[in-house]
Amino acid sequence: MSELVSGIHSVFCPFSADIISTVEFNYSGDLLATGDKGGRVVIFQHEQESKNRPQLRGEYNVYSTFQSHEPEFDYLKSLEIEEKINKIRWLPQQNAAHFLLSTNDKTIKLWKISERDKRAEGYNLKDEDGRLRDPFRITSLRVPVLMPMDLMVEASPRRIFANAHTYHINSISVNSDHETYLSADDLRINLWHLEITDRSFNIVDIKPANMEELTEVITAAECHPLQCNVFVYSSSKGTIRLCDMRAAALCDRHSKFFEEPEDPSSRSFFSEIISSISDVKFSHSGRYMMTRDYLSVKVWDLNMENRPVETYQVHEYLRSKLCSLYENDCIFDKFECCWNGSDSAIMTGSYNNFFRMFDRNTRRDITLEASRESSKPRATLKPRKVSTGGKRKKDEISVDSLDFNKKILHTAWHPKDNVIAVAATNNLYIFQDKIN
């Protein structure tokens, strides 16, 4: 697996509003968006490679920052709706502007990010400072002209999709037709058209007539990257359902059901909690999908429902610590996972600011750490190892000394290059392949 060198984009701030809650590259990889608990979206742009210093290979610098969501209050239910950005999804670029969807617990917004480097001057009815002119003093007609100005990046909300979810939104996914997208909460999945804000179609509803009979909730959902009629959603029971919208308007009856049979000998009090799927992602080819549960990442072939084709242990050494992880609520952490551009490697996060990368071809894996100490710009990341008992080697870290407050829940991989983005609480780390 390639060596990685680091770059860091972070402003250390102790406020919880700065904690990054989602990370997403756009389709070209030139832009990287992050959302945080304070409802802000920060977009980084890939700077072009410098001929004088080719070793830099282009860096990511802040391109635009805007407030996407504000805190709200639901007066009917007496509930506060926090501004935290749960998910960001880019739309494919159609013109000079960029578009992205961002969502908090209840409201999805479509944002347009555009550049302006010219301004109009020479109006007839107002002065240069914007004050209106007296019409009776206008004696000649002027033709306004466009004058160059400093580049300004504007973010403006184009659509607001609200009032369609009773429960907290956990996923949004843009369809391959680029006209529709789906949004999922704990019990329902809705299908939206990007041009229509006042109605959506409910395509999955697992809410029972009696809420006391509720046994599972929807944890994640995603559209197929190539077939606009196919989507999947995962559940807190560790199952994945694939649905085809051509079969019925309401997709409560799935087309395929993916579940790995549980080994009765390993069943414990925590089995159901750690089997809950926190993320599901289709491969770029559309042939496979990847799911993340608490201890492992699994790769499924869409043509084989009874078991995954690949299973990667992320932090199996924590199995003996499940009791204390349950007591401090860490067992309910929702880790995300991502594919590289060619689907040959996968990445997911862990504790102690560790993140794991798995090469699907060679079956090699590596543990790396995102930290200020080990991530000086241009420094090569050293593999980390966790000691599970017995004599600890010099470079190993004991499982008992792992910091469970430092966790990497959100990661993203550049769609074309070996560049990754890793969110560690309120710091964003960007790593790239080492240049020989």
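From a predicted model like this one, the values you see are computed outputs, not experimental measurements.

A word on the confidence of the model for the protein chain
For the protein chain, per-residue confidence averages 88 on the pLDDT scale, and residues scoring 70 or more make up 92% of the total. This model gives residues 8-15 a pLDDT under 50, and the stretch forms 22 contacts once residues within four places in sequence are excluded.

Structural notes on the packing of aromatic side chains
Considering all chains together, one arrives at 18 aromatic pairs under this definition. Seen from their ring centres, Phe269 and Phe270 are 5.1 Å apart, and the 80° between their planes marks the pair as edge-to-face. Residue classification places Phe269 among the exposed residues on the basis of a relative accessible area of 59%. Given the relative accessible area of 13%, Phe270 is considered buried. Linked through ring pairs, Phe269, Phe270, Tyr326 and Phe332 together constitute an aromatic cluster.

Structural notes on a nonpolar patch on the surface
A grouping of Phe269, Tyr326 and Phe332 is seen on the molecular surface, where their side chains present a nonpolar patch of about 320 Å² in accessible area. Relative to the elements of secondary structure, Phe332 occurs in the loop between helix 2 (322-327) and strand 24 (337-339). Among the residues examined, Phe332 registers a relative accessible area of 41% and is labelled partly exposed.

Quick notes on the pattern of salt bridges
Applying the stated rule across the entire model yields 21 salt bridges. Residue Arg40 pairs with Asp36 through a salt bridge whose shortest N-O separation is 3.2 Å. On the basis of relative accessible area, Arg40 is assigned to the partly exposed category, the value being 24%. A salt bridge links Lys87 to Glu336; the nearest nitrogen and oxygen atoms lie 3.4 Å apart.

Things to note about the side chain of Thr22
Tracing the chain through its elements places Thr22 in strand 2 (residues 20-25). Owing to a relative accessible area of 1%, Thr22 belongs among the buried residues under this scheme. Among all residues touching Thr22, those that are not within four sequence positions of it are Ala33, Thr34, Gly35, Ile85, Asn86, Lys87, Ile88 and His410.

A word on the layout of surface pockets
Volume-wise, the largest pocket comes out at about 1200 Å³. Elements with a minimum of two residues in the lining of the largest pocket: strand 2, strand 8 (87-90), strand 12 (171-174), strand 16 (218-223), helix 1 (271-275) and strand 20 (279-282). Together, 30 residues line the second largest pocket, and Glu24, Tyr27, Glu222, Phe282 and His284 are the ones closest to its centre. At four residues, the largest contribution of residues to the lining of the second largest pocket is made by strand 2. Residue classes in the lining of the second largest pocket are distributed as 14 nonpolar, ten polar and six charged.

As for the environment of Tyr167
Its location among the elements puts Tyr167 in the loop between strand 11 (145-161) and strand 12. Separated by 61 residues in sequence, Tyr167 and Lys106 place their C-alpha atoms 7.5 Å apart. Beyond its immediate stretch of four places on either side in the chain, Tyr167 contacts Asp105, Lys106, Asp185, Asp186, Leu187, Arg188, Lys207 and Met211.

Notes on the sheet that holds strand 15 (residues 201-205)
Strands sit in the order 12-13-14-15 across an open sheet of four strands; the sheet is antiparallel. The strands lining the two open edges of the sheet, one partner per strand, are strand 12 and strand 15. Each strand axis lies, on average, 20° off the axis of its neighbour in the sheet, ignoring direction.

Calculation notes
Residues numbered from 1 in each chain as written. Predicted model: local features only at pLDDT ≥ 70, side-chain atom pairs only at ≥ 80, totals over all residues. Heavy atoms only, no water. pLDDT = per-residue confidence, 0-100. Contact = heavy atoms within 4.5 Å. Phe/Tyr/Trp six-rings, centres within 6.5 Å; stacked < 30°, edge-to-face > 60°. Buried < 20%, exposed > 50% of the residue type's maximum accessible area, 1.4 Å probe, protein only. Patch = residues over 30% accessible without salt bridge, like charges linked within 9 Å, V, L, I, M, F, W, Y side chains within 5 Å. Areas by Shrake-Rupley, 256 points an atom, 1.4 Å probe, with all protein chains shown as cover. Salt bridge = Lys/Arg side-chain N within 4 Å of Asp/Glu carboxyl O. Helix = DSSP H or I, 4+ residues; strand = E, 2+ residues; numbered from the N terminus. 1 Å grid on protein atoms, 1.4 Å probe; cavity = no way out; pocket = protein on both sides within 12 Å on 5 of 7 lines; lining within 4 Å. Points joined across faces, edges and corners; volume = space filled by probe spheres on them. Nonpolar A, V, L, I, M, F, W, Y, C, P; charged D, E, K, R; others polar. Pairing = 2+ DSSP bridges. Axes fitted to C-alpha atoms, helices over the stretch in contact; angles between N-to-C directions.

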